[in-house]
Amino acid sequence: MKSAMLKNLHFSRFQFTGIICTILGFLVVFQVARIQTSAPHQEISKWAGETFGYETKTLTPERGNIYDRNGNLLAGNMIVYEIGLDLQSVANPHTIAEVLSPLIDKDYNDLLAAANIKYDPTTAIYAVLKDNVHSDIVLKIKTLSAQMDKTNPGGANSSQPSLRGLVYTPHLVRSYPEYSLASNILGFFSFQERQNARGYYGIEGRYDQILAGTPTQVTVPLDPYLISDIPTVDPGASLILTINRDIQGMVEQVLNKSVNKYGAASGTIIVLNPKTGEILAMASTPQMNLNEYWKSSELYPQGYMFDRAIGATYEPGSVFKILTMAAALDAGAVTPTTPFLDTGYIEVGGVGIYNWDRSAWGPQDMTGCMQNSLNVCLAWVATQLGNEKFYQYLQAFGIGRPTNIDLSGEQYWPLSVPGDPQWYPVNLGTNAFGQGVAVTPIQMATAISAVANGGRMMAPHVVAAIIQNGQQYNISPQVIASPINEKTAKDLTLMLSNSLVGESSAALVEGYRIAGKTGTAEIPINGRYTMDVTNTSFAGWGPSDDPQFLIYVWLEKPSSSIWATETAALTFHDVAEQLVVLMGIPPDNVRHELQGK
Amino acid sequence: MNRRLSQAQKQAPWRIRIQSAGMVFLILAGAIVVAALYLSVSAQAANAGLELQDLDNKKQDLEDQIADQETFLAWLDSTTKMEERATALGFERISADRALYVAVPGYTGPKPVLLAPLPGSRFFQDPVIKPGYTQSIWDWLFEGVRLSGNQ
């Protein structure tokens, strides 16, 4: 009996425990199910998912690089740091202010005030001290911080020095390793503006969007199971320019030297390949260190003067006679041997035109007219050509409209043609020798390149190739016009080559036959032309029988001499003399000998 | 047979209980193994995910460092620096009259620089990852059979 009772008791205890455990188990399962399905839980779950499951951020692609034609980097990116403070972790504000003030060039009190900001999880978590700090400075700070951490681990002792709380966030910024080289062509990227940064002028301005790529706002999963969804953005496209770094450097040196030597207000030199339209070098004064782009407004109060080669229009003077003579030869109005008796005066549209020296040069042929740069002769040539044809040719040479060179900031001056309110009959005579018509150096270089390239005018361009999505797309040269035929181009080249030899021009380079023309243009002051200040220019190309380069020089208001023969022609010579070496162009006799082999 | 079983149950009823308990524990153990396996795989997947996140961050850092180093190299190779070094080493610019030109058969002048493959080029188009890492087992078997058949 007793054993049966004990047995029942034993059984009931087991049963009781089992039932309790089962109920508890069911309760746990029920509670889990309830929590999973309850509305508040679902709201919390949704909020947590939205808040902590994904991070929305803007992925800014790395800005594309810019290289010269040989693959030398002209514009790249480098790592700099934003130095900030994790306010909760700051241990010793005084140390932070004292150490950082001289290193990052910020006021001690400003730094101390920032470091003393009281941490608040809702309003004050992080404070920026300085952005765009170079890595060598950050390295110094980190070294000091590590030393302090040895004597005062974790900044536990607030009376001991500690840099605890400093945060270094790296990011890329634009960098120009060649400083001011090709600055007028490259333009700049305003990297200090971070989110609002953009390219200005030149290549950086023109190709801003493709260099920048497409910044993309993405939702990045923080859940490691969704890792495959991490999005990526392609970097911006890189550009390979037609510029040759060595030639560009040489041209800038010669230009700066010439501007100083001749006391010019400014200067521009363009070197291009007339066969392709590729710009090999293009320099203007002043150049600027692109890493300090914020000084651009001081250097270029008029923004369009950033690159005078494409942004400044001027009356070119006698270099324009190349176009007038090309038009007349092409139209058959004259031939190289057409005689002309220069009396030193001609009337066009009822207005008298004189030569540059106000004297008569007697019997001439067209080569003589070009060699002696006779305004009267060229005005006569234009009258032989007639209004309609003369302006048709000028338009065919691209005068009066932009060349559409692939750079930001190109300017142009509209060409006045018969019928326009600003056009007068005398314009035919004055335009013939480059007065009353305004052009940019790039317009002139492009137009004259047609003469150097057998009559075909190539599109001037600076970008040789674009690298996008890991592939290089080369840009082919384009013919934009054929204003004159091949024979005209060859005849005129011969005329201008002979005229340089005939006058023993300072532009000549020993061993090389060069064709070219000077231009000295009076500058109108208070509506009247005066010879006190001039624009001097020279356009030349060579070797004459197989032109591989065209050089255009413009010196504004030289003070040592008003004449192009004593300023721009010499500058041309200095460039051409070094250019033939850099381009590997042998002297004519050696070249002919090598070609014979 | 049935008589023997009921006889055995009468003599040792705990055997049946042990059988039942064993069955329960077996199911429980199975469930635990499945749960452990699931947890292990989940943990591995999470770990792999975190590693991938970490690698992705490292990749970004490395890309930045490459860009930085490329620019640093360009600083070292810049025209000004190179000219300074060349001058220090005693080099000087050559003038046109001192240049010696020789005919090199077949040389047609400098070629345009190629910093990336041209469109249509086969450079880098072959997959970098070996097929073994991406093939399914069926692909692998099929490929193996096909290759052995060809041999």
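Residues numbered from 1 in each chain as written. Chains lettered and ligands numbered in written order. Predicted model: local features only at pLDDT ≥ 70, side-chain atom pairs only at ≥ 80, totals over all residues.

### With respect to the overall build of chain A
So, point 1. If you tally the helices and strands in chain A, you get 20 helices and 22 strands.
So, point 2. In terms of overall size, chain A is more extended than a compact globule, its C-alpha atoms giving a radius of gyration of 37 Å where 597 residues would be expected to give roughly 25 Å.
So, point 3. Projecting the C-alpha coordinates of chain A onto the three principal axes gives extents of approximately 155 × 60 × 55 Å.
So, point 4. Counting across all 597 residues of chain A, residues that qualify as buried make up 46%.
So, point 5. Taking all contacts inside chain A whose residues are at least 6 apart in sequence as the whole, residues at least 24 apart take part in 72%. (Helix = DSSP H or I, 4+ residues; strand = E, 2+ residues; numbered from the N terminus. Rg over C-alpha atoms; globule rule 2.2 N^0.38 Å. Buried ≥ 20, exposed ≤ 12 C-beta atoms within 10 Å, placed from the backbone. Contact = placed C-beta atoms within 7 Å.)

### Side note on the overall build of chain B
So, point 1. A tally of helices and strands in chain B yields 4 helices and 0 strands.
So, point 2. Ordering the α and β elements of chain B from the N terminus gives α-α-α-α.
So, point 3. Its C-alpha atoms give chain B a radius of gyration of 37 Å, clearly above 15 Å, the size a compact globule of 151 residues would have.
So, point 4. With respect to the three principal axes, the spread of C-alpha positions in chain B is 125 × 45 × 25 Å.
So, point 5. Counting only residues that meet the buried cut, chain B has 4% of its 151 residues in that class.

### Observations concerning the confidence of the model for chain A
When pLDDT is low, close inspection of the predicted coordinates is not appropriate.
So, point 1. For chain A, the average pLDDT comes to 92, and 97% of its residues sit at 70 or higher.
So, point 2. Looking across chain A, the model is least confident in helix H1 (residues 2-37) of chain A, with a mean pLDDT of 78, and most confident in strand S22 (residues 549-556) of chain A, with 98. (pLDDT = per-residue confidence, 0-100.)

### Focus on the sheet that holds strand S20 (residues 515-525) of chain A
Residue and element names in this part refer to chain A.
So, point 1. Within the open sheet, the 5 strands sit side by side as S11-S10-S22-S21-S20. Their pairing is antiparallel. Looking at which strands have only one partner, the edges of the open sheet turn out to be strand S11 (278-284) and S20. Here the average twist between neighbouring strands, direction ignored, is 15 degrees.
So, point 2. Here strand S21 (residues 528-542) runs beside S22; their pairing, made up of 8 bridges, is antiparallel. Looking at the pairing, Phe538 lines up with Val553 of S22.
So, point 3. Together, strand S10 (266-273), S20, S21 and S22 form the strand contacts of helix H19 (residues 568-582), whose direction differs from that of S22 by roughly 145 degrees. (Pairing = 2+ DSSP bridges. Axes fitted to C-alpha atoms, helices over the stretch in contact; angles between N-to-C directions.)

### Regarding the domain arrangement of chain A
So, point 1. For chain A, the domain assignment lists domain 1 (78-174) and domain 2 (245-289 + 305-467 + 477-596).
So, point 2. Between domain 1 of chain A and domain 2 of chain A, the C-alpha centre-to-centre distance is 59 Å. (Domains from an automatic or database assignment.)

### Structural notes on helix H12 (residues 321-331) of chain A
So, point 1. When you tally the buried positions in H12 of chain A, you get 10 out of 11 residues, the bulk of the element.
So, point 2. In the segment just after H12 of chain A, Gly332 of chain A is the residue with positive phi, at about 80 degrees.

### Concerning the interface of chain A and chain B
So, point 1. Of the residues lining the interface, 41 residues belong to chain A; the matching set on chain B comes to 34 residues.
So, point 2. Residue assignment for the side of chain A that touches chain B shows that the elements contributing at least two residues are strand S3 (73-86), strand S5 (166-175), helix H9 (245-261), strand S17 (463-468), strand S18 (471-474), H19 and helix H20 (588-596) of chain A.
So, point 3. With 5 residues, S3 of chain A is the single largest residue contributor to the side of chain A that touches chain B.

### A closer look at the packing of helix H17 (residues 441-452) of chain A against helix H18 (residues 486-502) of chain A
All names here are of chain A.
So, point 1. The interhelical angle for the contact between H17 and H18, taken along N-to-C directions, is 100 degrees, at an axis separation of 7 Å. Between H17 and H18, the angle falls in the class roughly perpendicular. Each of Ala450, Val451 and Ala452 in H17 lies in contact with H18, whose residues at this interface are Ala489, Leu492 and Thr493.
So, point 2. Taken together, the residues of the contact of H17 with H18 sort by class into 5 nonpolar, 1 polar and no charged. (Parallel < 35°, antiparallel > 145°, perpendicular 65-115°, else oblique. Nonpolar A, V, L, I, M, F, W, Y, C, P; charged D, E, K, R; others polar.)

### Description of the packing of helix H3 (residues 93-104) of chain A against helix H4 (residues 108-115) of chain A
Residue and element names in this part refer to chain A.
So, point 1. Taken N-terminus to C-terminus, the directions of H3 and H4 make an angle of 145 degrees; their axes are 8 Å apart at the nearest point. You can see that H3 and H4 cross each other, and the crossing is right-handed. Contacts from Pro93, His94, Ile96, Ala97, Glu98, Leu100 and Ser101 in H3 reach Tyr108, Leu111, Leu112 and Ala115 in H4.
So, point 2. Residues of the contact of H3 with H4, tallied by class, amount to 8 nonpolar, 2 polar and 1 charged. (Left-handed = near helix turned anticlockwise from the far one by under 90°.)

### Details of the confidence of the model for chain B
Residues and elements named next belong to chain B.
So, point 1. The predicted model of chain B averages 84 in pLDDT, with 93% of residues at 70 or higher.
So, point 2. At the low end of the mean pLDDT range in chain B sits helix H1 (residues 2-11), at 72; at the high end sits helix H3 (residues 79-88), at 92.
So, point 3. Prediction confidence for the complex, expressed as pTM and ipTM, is 0.85 and 0.83 respectively.

### Observations regarding H3 of chain A
All names here are of chain A.
So, point 1. Over its 12 residues, H3 runs 16 Å from end to end, which matches the ideal 16 Å to within 8%, given 1.5 Å per residue.
So, point 2. Turning to H3, its buried residues are Thr95, Ile96, Ala97, Val99 and Leu100.
So, point 3. On its buried face, H3 sits against H4, strand S4 (126-134), helix H5 (135-151) and S5. (Expected span 1.5 Å × (residues − 1).)

### Structural notes on unusual backbone geometry
Residues and elements named next belong to chain A.
So, point 1. The amide bond that connects Thr285 to the next residue, Pro286, takes the cis arrangement and shows omega of -10 degrees.
So, point 2. Structurally, the position occupied by Pro286 is in the loop between S11 and helix H10 (296-299).
So, point 3. For the bond running from Gly542 to Pro543, omega is -15 degrees, close enough to zero to count as cis.
So, point 4. One non-glycine residue, Asp105, lies in positive phi territory at about 55 degrees.
So, point 5. Secondary-structure assignment places Asp105 in the loop between H3 and H4.
So, point 6. C-beta crowding within 10 Å serves as the criterion here: with 10 such atoms nearby, Asp105 is assigned to the exposed category.
So, point 7. A positive phi angle, near 60 degrees, is found at Asn132, a position not held by glycine.

### Some remarks on the environment of Ala481 of chain A
All names here are of chain A.
So, point 1. With respect to the element layout, Ala481 can be found in strand S19 (residues 479-481).
So, point 2. Placed 328 residues apart in sequence, Ala481 and Pro153 show a C-alpha to C-alpha distance of 75 Å.
So, point 3. When near neighbours in sequence (up to four residues on either side) are disregarded, Ala481 contacts Ala396, Gly398 and Met457.

### Side note on the environment of Ser159 of chain A
So, point 1. Relative to the elements of secondary structure, Ser159 of chain A occurs in the loop between H5 and S5.
So, point 2. Overall, the presence of 9 C-beta atoms within 10 Å leaves Ser159 of chain A in the exposed class.

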